[in-house]
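Structure at a glance
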Amino acid sequence: MIEISSDKRRASPPLLSPFPLLPPVQLLLFFAATACAGDPQIDADIPGGNIVVERIEGNDVWVHQDQRDTPRFWFWWHLRVQGAAGRTLTFHFTQGNVFGTRGPAVSRDGGKTWDWLGVEACDGDAFTCEFADGDTRVAFAIPYTPANLDQWLRTHDSQYLVRESLLQTDEQRNVDLLRVGCVDGSAQRRVLITARHHACESLASYVVEGLMEGWLALDDDGAWLRENVELVVVPIMDVDGVEDGDQGKLRAPHDHWLDYGDGSLYEEVRALKQRFQDNPQPVDVALDIHCPSIRDEKLYFALGP
Ligand SMILES: [Zn+2]
């Protein structure tokens, strides 16, 4: 079995300095020219954050998404802007078009609530946004990290919802396994739902929330589901990738979705396989929720062998 450390699998390829011969003083002068006092602060030091800031000139900012260990173009990015009150900034993405069909998502309250900027904010590989005071987040799509799941769980306390831990990762993050509905062992049917094998596919998590709410709904369907069907859910499989803002999709040497053969690389996948080996339970329906590609609005069902 091949083992790779989580550090190695997430490491960005080494960056080659474009200024190998410049002494430190000149390097400092260069970077002083690219980030001046009065420039907005732009970073990705937030849950699910992902951005590389290349340079800032006035109200123009050149950036690109951090591919990390995804060796081909992918399009997750999620940045924070502070210190830009009253400014209208244009972000130029230098590694391709990274906008979906609704344009970037924006939060003007530090990630609590989100809206879409719309495609009218985009022009080619750039988008423009007005900023007020405070902490503004802009992302490819509305993020969903373990903090969002924690919040959902806090607001859905129920005897029909059991939170278990599938495992704690090497980075000390918990991979939750939730049991919803008929959780007393008498279930006639069982449904398994997983999501975020591809870390960047944040919107899949909102679909998972909706499915769980269907099991808890105070209506006839919800009552029947709670009486007859156990829903087993792993809402965030690649929890480290989600928290760190990785692309996750096509992660080298292969991603979590393609890790279910012999010799699984990822501890989360090994743990899920082990759980059903240790506790064999028939599963009537299994759904692994994903997102379509960047501007694809079709619904796909990828069937197994
Ligand atoms: Zn996917």
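Since we're looking at a predicted model, the values are computed, not measured.

Let's talk about helix 4 (residues 203–216)
Here helix 4 contains 14 residues, and its C-alpha end-to-end distance of 21 Å stays within 8% of the 20 Å for a straight helix at 1.5 Å per residue. Those residues of helix 4 that are buried lie in contact with helix 3 (146–154), strand 12 (174–181), strand 13 (189–195), helix 5 (220–228), strand 14 (229–234) and strand 15 (285–289).

A few points about the pattern of salt bridges
If you walk through the whole model with that rule in mind, you get 19 salt bridges. One salt bridge connects Asp66 with Arg68, and the closest N-O pair in it is separated by 3.3 Å. Here Arg137 ties to Asp135 by a salt bridge, and the two come within 2.8 Å at their closest N and O atoms. The burial state of Arg137 is the same as that of Asp135; both residues are buried. Here the residues in one salt-bridge network are Asp66, Arg68, Asp69, Asp238, Asp246 and Arg251, joined through shared partners.

Describing the coordination of the zinc ion
The zinc ion binds to the protein through His198 (ND1), Glu201 (OE), Glu201 (OE) and His290 (ND1); the donor distances cover 2.0 to 2.3 Å. Classification of the site at the zinc ion as irregular follows from its 4 donor atoms and the range of 58 to 152° in their angles at the metal. Written as a sequence motif, the donor residues of the zinc ion are H-x2-E-x88-H. The exposure classification of His198 matches that of Glu201, with both residues buried.

What about the nonpolar core?
In terms of nonpolar packing, the biggest core is built from 38 residues, with Leu166, Leu178, Val180, Met212, Leu231 and Val233 touching the most fellow members. Secondary-structure elements contributing two or more residues to this core are helix 3, strand 11 (161–168), strand 12, strand 13, helix 4, strand 14, helix 6 (239–244) and helix 7 (267–278). In this view, Val180 contacts Tyr160, Leu161, Met212, Trp215, Leu216, Val229, Glu230, Leu231 and Val233; residues no more than four positions away in its chain are not counted. Counting residues in each nonpolar core, the second largest holds 29 residues, with Trp76, Ala84, Ala139 and Ile294 among its members.

Points about unusual backbone geometry
Residues Ala252 and Pro253 are joined by a peptide bond in cis, for which omega reads 0°. Tracing the backbone through its elements, the reader meets Pro253 in the loop between helix 6 and helix 7. Although it is not a glycine, Arg68 adopts a positive phi angle of roughly 50°. Relative to the helices and strands, Arg68 is located in the loop between strand 3 (60–64) and strand 4 (78–82). Of note in the backbone geometry, Gln172 takes a positive phi value of approximately 65° without being a glycine. Its place among the elements puts Gln172 in the loop between strand 11 and strand 12.

Calculation notes
- Residues numbered from 1 in each chain as written.
- Predicted model: local features only at pLDDT ≥ 70, side-chain atom pairs only at ≥ 80, totals over all residues.
- Heavy atoms only, no water.
- Helix = DSSP H or I, 4+ residues; strand = E, 2+ residues; numbered from the N terminus.
- Expected span 1.5 Å × (residues − 1).
- Contact = heavy atoms within 4.5 Å.
- Salt bridge = Lys/Arg side-chain N within 4 Å of Asp/Glu carboxyl O.
- Buried < 20%, exposed > 50% of the residue type's maximum accessible area, 1.4 Å probe, protein only.
- Donors = N, O, S within 2.8 Å, 3.2 Å for Na, K, Ca; no water.
- Tetrahedral: all angles 85-135°; square planar, octahedral: opposite > 155°, others 65-115°.
- Core = buried A, V, L, I, M, F, W, Y, C linked by side-chain atoms within 4.5 Å.

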